[in-house]
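Spelled out, the chains give:
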Amino acid sequence: MGSWLYAKNNMRNSSNYSYFSKEEEENTKTQRSRFNPYDHLNIKLNPDGTLNRGQARPTIEANPNGDPVVSKDITLNVKTKTWVRIFRPTKLPSNNDNTIARLPIVIYCHHGGWILLSAADSDAHTNCEEIASELLTIVVSVNYRLAPESRLPAQYEDAVDAINWVKEQATNPNGEQWLKDYGDFSRCYLYGVGCGGNIMLYSSLKTDLMKLKPLKIAGIIMNQPMLGGIQRTESELRYATDEILPLPVLDLLWELALPKSINRDHRYCNPMVQGPHKQMISTLKRCLVTGFSGDPMIDRQQEFVEMLVACGVQVEACFDDYGFHNIDLVDPRRANELLNIVREFMFR
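Rules and cut-offs
- Residues numbered from 1 in each chain as written.
- Predicted model: local features only at pLDDT ≥ 70, side-chain atom pairs only at ≥ 80, totals over all residues.
- Heavy atoms only, no water.
- Helix = DSSP H or I, 4+ residues; strand = E, 2+ residues; numbered from the N terminus.
- Buried < 20%, exposed > 50% of the residue type's maximum accessible area, 1.4 Å probe, protein only.
- Contact = heavy atoms within 4.5 Å.
- 1 Å grid on protein atoms, 1.4 Å probe; cavity = no way out; pocket = protein on both sides within 12 Å on 5 of 7 lines; lining within 4 Å.
- Points joined across faces, edges and corners; volume = space filled by probe spheres on them.
- Nonpolar A, V, L, I, M, F, W, Y, C, P; charged D, E, K, R; others polar.
- Disulfide = S-S within 2.5 Å.
- Salt bridge = Lys/Arg side-chain N within 4 Å of Asp/Glu carboxyl O.

Student: What exactly am I supposed to notice about the side chain of His110 here?
Tutor: Locating His110 in the fold gives a position in the loop between strand E6 (103–109) and helix H3 (122–135). For His110, a relative accessible area of 0% gives the class buried. Non-local contacts of His110, meaning those with residues more than four positions away in its chain, are made with Leu116, Leu117, Ser118, Ala119, Ala124, Val142, Tyr144, Val193, Cys195 and Gly196.

Here you go:
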């Protein structure tokens, strides 16, 4: 079992990255050329800019009669065809006076590299069930639009729609009953995995200008947030031929997600670049950033934490010294460790 290292004790200064030599980088490029990212992802780009996605992953239907968690799907935006899946634990805690205790609300965005999966994906569904049952929360999982059919910032807009929708349930007499009866609107957390972590970063920046009362964002949880940039980091070069996220695949995911007129040094991809967004970042609420040392994006994630600290954000960061991208979705021990870290962040 890997040990979790707090970033403040395990950080690299972004100005001191040790990049590979020119010869080593050329060898890396040769290795990368063996990968066809479309084959790796089992996708095909159509002339009209849409994707043919290969064999579908397993999905799970919502279950309003489940145990220990019930779930149901609700339309979010008819125009954009987005929806949310709500999860609620069946065993509800009680206050000292035997009334039902209000549960924190977690708004969740799944992984999938911008182009794949949905809120019904088996991994995303199971993860939300675990968050709801183990942490005793209500989870609102956002089925946001996918790229390249809908490029950034569409995904940020969908997450903002979900945040607004949750807020409206607090004051709407006909609002969603699970949220009205059991949700604590003063304790709302934004939780994103992979590209979902990126989505939660930028959607949360928009909430500073929104009238959210009685909803209050208590924190942002970014698990292995998807970040990029033009200049290669040491970890990207080291894991250029990674079995899960080789560099050509990462590059393609960004190519399909970013607006066609911009490159990987746009703030959507690389929040560490200079720009007016840095001032907005200083307004972020408490943040938790987690990652694994075998992830090609680990250097960027650690540099991201450094930037948050420099901007005055209250941030906690845990990086496991073993593991790879999304290992927590296949290794129950890592999933449990991550849940404990999130629990401490939410309930400290």
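Now, onward.
Student: Help me understand the layout of surface pockets in this model?
Tutor: Where empty space is left can be seen by rolling a probe of water-molecule size over the atoms. Reported here for the largest pocket is a volume of approximately 820 Å³. Class assignment of the residues belonging to the lining of the largest pocket gives a composition of 16 nonpolar, 12 polar and four charged.

Student: Honestly, the state of the cysteines in this entry has me stumped. Any pointers?
Tutor: The term disulfide refers to a covalent linkage connecting the sulfur atoms of a pair of cysteines. This model, assessed by the stated rule, comprises zero disulfides. Here Cys188 is not cross-linked by a disulfide; its sulfur's nearest cysteine counterpart is in Cys109, at 11 Å. Note on Cys269: no disulfide assigned, nearest cysteine sulfur contributed by Cys195 at a separation of 12 Å.

Student: Looking at this structure, I do not really get the pattern of salt bridges. What am I missing?
Tutor: Where side chains of opposite charge bring their charged atoms close, a pairing between them can arise. This structure, assessed with the given rule, holds 17 salt bridges. Where Glu149 meets Arg53, a salt bridge forms, and the shortest distance between an N and an O atom there is 2.9 Å. Remark: Arg53 occurs in strand E3 (residues 51–53) and Glu149 occurs in the loop between strand E7 (138–143) and helix H4 (154–171); sequence separation between them is 96 residues. A residue is classified by how much of its surface remains accessible, and Glu149, at 37% relative accessible area, is partly exposed. Each of Arg286, Glu316, Glu344 and Arg348 takes part in one network of salt bridges that share partners.

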